[in-house]
Amino acid sequence: MSVRVRFAPSPTGYLHIGGARTALFNWLYARHTGGTFVLRVEDTDDARNTREAVDVILDGLRWLGLDWDEGPVSGDAMQESKGDRGPYFQSQRGEIYQRRIQELLDKDLAYEHEGAVKFRMTREPVTIPDVVAGDVVRKLTDREEADPDFVIVRSDGKPVFHLVNVVDDIEMDITHVIRGEDHLSNTSKHVELFKAFGAALPKFAHIPLILNNDGSKMSKRDSGASMAAYTEGGYLPSAVVNYLSLLGWSPKDNTEMMPTAELIERFDRPGVQRANARVDMPTLDWLNFEHIRALSPDDFKSQALGQLQAAGLDTTGRDADYTAAVLALCTDKIKNLNDVAGYIGFFFRDEVVLDAESAAQALTPENKPHLATLREAYAGLATFDADSLMEALKATAAAREVKNKVLVMPARVACTGSKVGPSLYHLMEVLGQAEVLKRFDAALARM
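Procedures and definitions
Residues numbered from 1 in each chain as written. Predicted model: local features only at pLDDT ≥ 70, side-chain atom pairs only at ≥ 80, totals over all residues. Heavy atoms only, no water. Helix = DSSP H or I, 4+ residues; strand = E, 2+ residues; numbered from the N terminus. Rg over C-alpha atoms; globule rule 2.2 N^0.38 Å. Buried < 20%, exposed > 50% of the residue type's maximum accessible area, 1.4 Å probe, protein only. Phe/Tyr/Trp six-rings, centres within 6.5 Å; stacked < 30°, edge-to-face > 60°. Lys NZ or Arg CZ within 6 Å of the ring centre and 35° of its normal. Salt bridge = Lys/Arg side-chain N within 4 Å of Asp/Glu carboxyl O. Pairing = 2+ DSSP bridges. Axes fitted to C-alpha atoms, helices over the stretch in contact; angles between N-to-C directions. Contact = heavy atoms within 4.5 Å. 1 Å grid on protein atoms, 1.4 Å probe; cavity = no way out; pocket = protein on both sides within 12 Å on 5 of 7 lines; lining within 4 Å. Points joined across faces, edges and corners; volume = space filled by probe spheres on them. Nonpolar A, V, L, I, M, F, W, Y, C, P; charged D, E, K, R; others polar.

Comments concerning the overall build of the chain
Part 1 of the argument: Counting its regular elements, the chain contains 19 helices and 12 strands.
Part 2 of the argument: Taken over C-alpha atoms, the radius of gyration comes to 30 Å for the chain, far larger than the 22 Å a tight globule of 447 residues would show.
Part 3 of the argument: Referenced to the eigenvectors of the C-alpha coordinate spread, the extents of the chain come out at roughly 100 × 45 × 40 Å.
Part 4 of the argument: The buried share of the chain, reckoned over its 447 residues, is 48%.

The structure is reproduced here in C-alpha cells:
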C-alpha cells in the first residue's frame, strides 16, 4: 500500500510553528515516498472555529509551498481555497461519524450515558507502537481505574476529537500518523478505537516538541511561535522550510543548508530525532542569507522589487539598466528581505530621507568645508566611475590634510541618509554625477 499521510489542524486562530513543522514532515514524507498528502481541517468545535482561522492555516501552507493532493470539490464557501481541491472539513462529514457511532453501539463497544455516548475502554495496559518513541506502554491512571471509559459524543450530539480523528484516518486509508509528541498521551484511546472498528493500526510517529531556546515550553505569545513571525519577518519560504525541517530531523551527514528538492530526496523517518527541538533564530537567519544568495537573478529581482513596492517606493518609472545596477549592489549583501528597502531604497527617492543620528554625526558645520571641496572635485570629473570617485576623494582628503573617513561619512549620509549601505563609490557611480551633486548641495544647505 502506498504511503498516505495527513495534516489535521484545528482552526482556532493562527498557525503555530509546531503545526507548520508537523505539516512539513508529513508533506516531505509523502513527497519522498511518492505518497499522498491529505489536508483535513478538524472544525467540529463551532464555538472556536472560524473561516478566518481556516484561511490563516491555508495561506500559511501555501506560503511554505506545502500543496495537498486531494479533497472534495463543491461550491461550499468553506471549500473554496483559491483553486485548490479540498481540504476535507470534519464539519461536513457528520453522516460518516453517525454511521461509525452506531457501529460501536451495535457491537456494545459504546453506550449512552447521561445524554452522551461513551466508549468502553480496555482495563488493560495499551501498547502504542511508535517508530520514533519505540513501544510505549500506557497504563490506566489512578483516576481512570474506577472508570476508564471516555466520551466519544457529547451531550449536544457533537462527536469528539478522539472519535472523528480515528474514523477519518480509517475512512481515508491513512497509513502513517505523523504528529507532535503532545498527542502521544491520547494515542492509547485511538489504538483501542482502531481495534474496535476492526481496522489495522497506522504507523505512529510522534515527533519531538519544539521548545523555546531556553528549554521552556513554547506558548503562543513567545517569539517565533506563530508563522506570522516568518511570513512577515523577511524570510524566504524555502529558508523557513529548511529551518523547520531541522527542528527534530537531520540527514545522516548533518548537512544544514538544503533547497526543498534536496530535502524531499533526503527526508526519511530514521532521521527524526527523539530529543525535543529548540527554536534557533540565528540558524534561521543564516539559512535565510544562504537561500537569498542562492536565488537566481530573476528571482532576487522579483523579491527585491516586491519589498521596495511594499515600502511605497515606485520603481516602475526607472530605467531598466539603472534598476539592474542598483540590484547588483545587493548581491551577497541582503540577509533579510525586510532589509531591502533600508539598504537601497534611497536610489528610488527624489529626496534623501536623513537618519537623525547619522546626520547629527556626519553633516556637521566642521565637515561642511570638506564636503564642499569634495563636491567641486566631483563636479570636475570627466569620468564618473567608482575608481575615479575613490581617487578624487583620497586626493581631496590629502589636500585638506584629513583622513579619508572624514570625507567618506558625510558623502555617504548626503547620498543615502544613512551611515550604512552599499559601497560608497559604487553607489555614487550608479546614482550618477548630476544626482550626487544635487544630493551634496542639499546636504551642504543643511550644514
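Re unusual backbone geometry
Part 1 of the argument: Positive phi values are uncommon outside glycine, yet Asp-108 reaches one of about 60 degrees.
Part 2 of the argument: Topologically, Asp-108 is positioned in the loop between α3 (94-106) and β4 (110-113).
Part 3 of the argument: By relative accessible area, Asp-108 is classed as partly exposed at 44%.
Part 4 of the argument: For Glu-114, which is not a glycine, the phi torsion comes out positive at approximately 55 degrees.

Considering the packing of aromatic side chains
Part 1 of the argument: One pass over the full model with this rule turns up 11 aromatic pairs.
Part 2 of the argument: Here the aromatic residues Tyr-322, Phe-346, Phe-347 and Phe-348 are joined through ring pairs into a cluster of three or more.
Part 3 of the argument: Between the NZ or CZ atom of Arg-21 and the centre of the ring of Phe-25, over which it lies, the distance is 5.3 Å.
Part 4 of the argument: The cationic tip of Lys-335 hangs over the ring face of Phe-289; the distance from NZ or CZ to the ring centre is 5.5 Å.

Some details on the pattern of salt bridges
Part 1 of the argument: With the rule as written, the count across this model stands at 28 salt bridges.
Part 2 of the argument: Asp-169 is paired through a salt bridge with Arg-6; the nearest N and O atoms lie 2.9 Å apart. One end of the pair, Asp-169, is in helix α5 (residues 161-171); the other, Arg-6, is in strand β1 (residues 4-7), with 163 residues separating them in the sequence. Pair check on accessibility: Asp-169 and Arg-6 agree, each one buried.
Part 3 of the argument: With a shortest N-O distance of 3.3 Å, Glu-144 and Arg-138 are connected by a salt bridge.
Part 4 of the argument: Here Glu-144 falls in the buried class, since its relative accessible area comes to 12%.
Part 5 of the argument: Ionic contacts of the salt-bridge type, sharing partners, join the residues Arg-6, Arg-40, Glu-42, Arg-93, Asp-168 and Asp-169 into one network.

A word on the sheet that holds strand β8 (residues 150-153)
Part 1 of the argument: Taken in spatial order, the 3 strands make up an open sheet running β4-β5-β8, and their pairing is antiparallel. In this open sheet, the two edge strands, each paired with only one partner strand, are β4 and β8. Strand-to-strand twist of the sheet, defined as the mean angle between neighbouring strand axes without regard to direction, takes the value 45 degrees.
Part 2 of the argument: Of the strand pairs in this sheet, strand β5 (residues 116-119) and β8 are connected by 3 bridges, and their pairing is antiparallel. In the strand pairing of β8, Phe-119 is matched with Phe-150.
Part 3 of the argument: Contacting β4, β5 and β8, α3 runs over the sheet at an angle of about 100 degrees to β4.

Considerations on empty space enclosed by the protein
Part 1 of the argument: Going through the model one piece at a time under the given rule, you end up with 2 cavities of 30 Å³ or more.
Part 2 of the argument: What the largest cavity holds in volume is close to 80 Å³.
Part 3 of the argument: Looking at the largest cavity, the residues that line it are Met-121, Thr-122, Glu-124, Val-126, Arg-138, Lys-139, Leu-140, Glu-144, Pro-148, Phe-150, Ser-188 and Lys-189.
Part 4 of the argument: Class assignment for the residues of the lining of the largest cavity results in 5 nonpolar, 2 polar and 5 charged.

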